[in-house]
Each structure stands twice: as C-alpha cells, then as structure tokens.
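Each chain, letter by letter, is given below.
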Amino acid sequence: MSLCKVNRTKASWLALGQARPQPRDTEAKRAATAGYHQKAPTYATLRLKTTTAMAAAPPPSDPTLAGHGRTLQQKFYENRILDRYTAQEPKKVTLRQLVLFGRQLTDDKLVASANYVRTELPVRLAHRISDFQFLPYIAGTNPHLRTVYDLYWRAFDEFRKFPAVKTLDDNRRFCDNVKKNLLEHSQVIPQLGMGVSECADLVAPEEIDRFMNQMLISRISRRTLAEQHIKLSEQFDDDLRAHLGLMQSTEGFAQMRQAPRGFATQRIGIVRADCNAAQIVHESAHQVAGIYEDAYHLPPGTAPQVIVEGHTDATFMCIPAHFSYIVHELLKNAMAHVVRRFAATLDTSDGSLTDPVFPPIRVTICSSHSDIVVRVSDQGGGIGPDVLPYVWSFTHPLKARRLHNFHAVHRMEARVDETDAVSPLMSFGFGLPMSRVYARYWGGSVGVHSLPGHGVDAYIQLPRLGNVVENISARRTHAFSPAAAR
C-alpha cells in the first residue's frame, strides 16, 4: 500500500470521528493492560475537576455555604487562596540572624518578629498542604493523613486571618494562639507515622520517604520560628518586669502595650551561640544509661560507659534541643545493641555483676573552623545487611510494622524530654531518619557505617558558625506515583 493511500484511509476515519479499527489481538491486549498503565488519580486531579465544576455552577443561595459554613473537606478543593500562598517562597533565616536579632531587643523589634512569624507560617503550611493534594487519592483518604491535613488547614486559616500585631498586648495574644497550635500539632508525628505505615503498599517507597522528609523538615522549621518568637517574648516580658520592679502576677502587666522608652534587653531565645558539644553528650549519656538500667534491671552505674574524647572544649552555634535529640538517638541505639549483645555475660547467680561486662561506647568530637563532627562508636555487633539499606526509610516493610507502634502514642514532638513516657524497648523505626532530618535542616548530616560482627560508627556533621540558611524545600519537585506502577 502506498503512503498516499495510507494517509487517505486514516483521514477517512478521522473525518467520520471514529477510531481506526485495530486488529483483534491488539484490542484484546490494550484492554487487558489498560488498568495497569492507568495512573492513579491524585487529589490535585480531582480538585481541578471539582474547581472547574464549581466555577461553572451558580453561586449558592445560602451565604453560609460560601464562607464559614463550608467543611474542611470542601475547603480542600477551594484552592485559589492556597495558590496565592504557594506562589510565595519561604523567607529563610540562619541561626546567626536569630541570634543577632535578639540582641538589643526592643518592643518594636518584638512586634516585627511577631509579624514575620504571622505571615511566614501560612506560607510554609500552604506548601505542605499542597503536598497532600498530590498524594494518590487512596492515600489521601487515609484517616490519619486526613487528620494531619485538617490540622494544617485549620492552622493555615487561623494564621492568615490573624490581624497584624501592633502592640505588646497584641503580641501576647498572638503567642497564646501559637502555643495552642503547637499543642494541637503534637499529634502530627504519630498520625503521620500511622498513616504512612498503612499506605506503604499503595505508594512507591521513595515517594513516601520524600513526602515524610519534606513534612518533617518543614515541621521543624515552623516550630523553630514559633518557639523562637515565644521564647523571645517570654524573656522580654521577664526582663521588663524586672526593670519595672513588678511581680509575676502583677495585674495590668498583661495589658501593657509598650515598654518604657529606651528599654532593651539581650536575649537570643532558644538558640545557643556557644553550645558545648561534650556537655550535651555527657548529659545524654547519663540519661540513656539510666533508661537502660531501669529497662534491664541493671544495678546503677553498670550500663555501658560512654567515653568522650577529642576536642571536648569545642563549641558551636545551635539549637540545643535539636542537637540533643540527635545525640540521644545515636547513644540510645548504640547502648541498646551493646546491652543486648552482651547481656548473656551477666552473672545472674547472685543477682549482681562481677566486673564491667559491657565494652565502652566511644564518642569522638572533632572541630574545624567551619564544622563540628561527632562520631559514636559501639561494639554492638553491627547492623545486618538486610536492614542497613533501609535505616533511613519510613516505608520498608520492617519499618512500616514498627510505625504501627505509634498507635500506642498519642503525642510526640521528637524531643528528648518526652521519652520517659515511651518504653525504650519500643521501636518506631523513626529515630535515625528523624535525626538526619534535624541535621539536614541546618545544613548538616548524619551517617552510619556498619562493621559486620563488631559494631557501628555513626557520624554527626554540623556547621559551627550558624551562617547556613534553613534547608527547606518549598516546591514539590516530583510527582507521586502509585505503587502499582513500580
């Protein structure tokens, strides 16, 4: 058949508005594979169809349907407001900027800080709400993920509508609102954990890991801004009371709108400009040792010794709560493996120990002009080759089973001072990935090297000078793909 004849035949079918007939075997093959190749719809796809239909429909006769009467699920598809915020990039900060801002802190600077937080939180929340809309629809309907979505939407709506802060009195009301949201969002980590564990077979693992990492690092960034401003406000009020000679419960102070002319204070909030790494390691070692002595009924002082060596006088700029969490998790993992490996050598004949039976855990601190590196070395036997490739994943089948343990936890903020409520023997498969998220937030890293049959060397690397900008991603750079398409 000539090329001209082929084109004429094709054109004739197009003119009739019909598809050209296919060979019978080809039609059968296409029908059989259509379901496999069809991409699962996302919330964004369904939202686009819904928004188009809503735009074509007449306005509702009941005015409440267009405003506060709408449910959170309906607001999910009302995306024009959200788009205005996702079009904005977050205004990132460095630790050094946070420290310098708190020096010579006046009421004008405190009000400016409140308005920065007030306008910045909705932008960061909007980008994460957008991430939910690109989940495959079946994952987005998970009740735990939907709970997180609802929390984020309510917080986004509250902060974007909060009026501008103009006085100290306004700032105190704003801080109360922020504290309320922080408390409500303390359930986010357990809800995310349960949600992704139930979606492990529905979405490609690398996509869920990317989703979780973005959610968690953005969560850290928002809490950092919120907690920093709250701490500055509390410190400012304390210093102002002292300056005025007022007691904590003095009536009328809460309604004070301005500080006396010329009043300023020197505060840097939750940041430490001269954090001593060795001191935090010693504090974490003492706490972790107590946890495992209680859990394994060991006599006091018999847990594996933690030896700190190297540049023990090294200091760096950090948020101590972040660094403490990382150190705590690495020491907890090291001590758990050492105790379990050598527990059989305990002399249980008289209920006491002979000589120390646990090899020590060595923590080496190294410092340069720009970085600080901490190595945690144990002799716990190493990480098995079947587990090592997945230590950073949230959705490997082994990790997904551990994430189910979040059903026993209602609130978690990923802080050291809340671990007493959770048994150290309960594993969530969450500590190492979360530690790396904390480190990456400030431009650092956490890594592990397993020595089979011997132990693990874990490394923390963090910038020393506080001049690295927040490592947060605003844009969703990869589309989610269904697990069936793997």
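Note that this is a predicted model, so its numbers are computed, not measured.

Undergrad: Tell me about the overall build of the protein, and name the residues and values.
TA: When its secondary structure is counted, the protein shows 16 helices and 7 strands. Within the protein, the proportion of its 486 residues that are buried is 47%. When the accessible surface of the protein is summed, it comes to about 24300 Å², and 55% of that surface belongs to carbon and sulfur atoms.

Undergrad: How would you sum up the packing of aromatic side chains? Please name residues and give values.
TA: What the rule picks out here adds up to 12 aromatic pairs. Between Tyr149 and Trp153 the ring centres are 6.3 Å apart and the planes differ by 25°, which places this aromatic pair in the stacked class. Of this pair, Tyr149 and Trp153 both sit in helix 9 (residues 143-161), 4 residues apart, roughly one helical turn. On the basis of relative accessibility, which here comes to 5%, the residue Trp153 falls in the buried class. Where Phe162 meets Phe174, the ring centres are 5.3 Å apart and the plane angle is 65°; that geometry is what we call edge-to-face. Of this pair, Phe162 sits in the loop between helix 9 and helix 10 (168-184) while Phe174 sits in helix 10, placing them 12 residues apart in sequence. Phe174 shares its class with Phe162; the two are buried. Here a set of aromatic residues connected by ring pairs shows up, and it is made of Tyr85, Phe132, Tyr149, Tyr152, Trp153, Phe156 and Phe211. Lying across the ring of Phe101, Lys109 places its NZ or CZ 5.1 Å from the centre. Geometry around Tyr152 places Arg222 over its ring, the cationic atom sitting 4.7 Å from the centre.

Undergrad: Give me the sheet that holds strand 4 (residues 361-367): which residues, what numbers.
TA: Pairing is mixed in the open sheet, where 5 strands are placed in the order 2-4-5-7-6. Strands with a single pairing partner mark the edges of an open sheet, and in this sheet they are strand 2 (306-310) and strand 6 (445-451). Strand-to-strand twist in this sheet, taken as the mean axis angle between neighbours without regard to direction, amounts to 15°. Relative to strand 7 (residues 455-463), strand 5 (residues 371-377) runs antiparallel, the two sharing 7 bridges. The residue bridging Ser377 from the neighbouring strand is Asp457, located in strand 7. The sheet contacts of helix 16 (residues 431-441) involve strand 6 and strand 7, and relative to strand 6 the element is tilted by about 140°.

Undergrad: How would you sum up the pattern of salt bridges? Please name residues and give values.
TA: With the rule as written, the count across this model stands at 17 salt bridges. Here Arg124 and Glu120 are joined by a salt bridge, their closest N and O atoms 2.9 Å apart. With Arg124 and Glu120 both in helix 7 (residues 107-133) and 4 residues apart, this pair spans about one turn of that helix. Classification of Arg124 as buried rests on a relative accessible area of 2%. The partner of Arg362 in a salt bridge is Glu309, and the shortest N-O contact between them spans 3.5 Å. Of this pair, Arg362 sits in strand 4 while Glu309 is found in strand 2, placing the two residues 53 residues apart along the sequence.

Undergrad: So what about the packing of helix 14 (residues 320-342) against helix 16? Which residues, and what values?
TA: It is the contact of helix 14 with helix 16, at a shortest axis distance of 9 Å, that shows an interaxial angle of 150°. As the angle between them shows, helix 14 and helix 16 are arranged roughly antiparallel. In this structure, the crossing between helix 14 and helix 16 has a hand that is left-handed. Touching His322, Tyr325, Ile326, Glu329, Leu330 and Asn333 of helix 14 are Gly431, Leu432, Met434, Ser435, Tyr438, Ala439 and Tyr441, all from helix 16.

Conventions adopted
Residues numbered from 1 in each chain as written. Predicted model: local features only at pLDDT ≥ 70, side-chain atom pairs only at ≥ 80, totals over all residues. Heavy atoms only, no water. Helix = DSSP H or I, 4+ residues; strand = E, 2+ residues; numbered from the N terminus. Buried < 20%, exposed > 50% of the residue type's maximum accessible area, 1.4 Å probe, protein only. Areas by Shrake-Rupley, 256 points an atom, 1.4 Å probe, with all protein chains shown as cover. Phe/Tyr/Trp six-rings, centres within 6.5 Å; stacked < 30°, edge-to-face > 60°. Lys NZ or Arg CZ within 6 Å of the ring centre and 35° of its normal. Pairing = 2+ DSSP bridges. Axes fitted to C-alpha atoms, helices over the stretch in contact; angles between N-to-C directions. Contact = heavy atoms within 4.5 Å. Salt bridge = Lys/Arg side-chain N within 4 Å of Asp/Glu carboxyl O. Parallel < 35°, antiparallel > 145°, perpendicular 65-115°, else oblique. Left-handed = near helix turned anticlockwise from the far one by under 90°.

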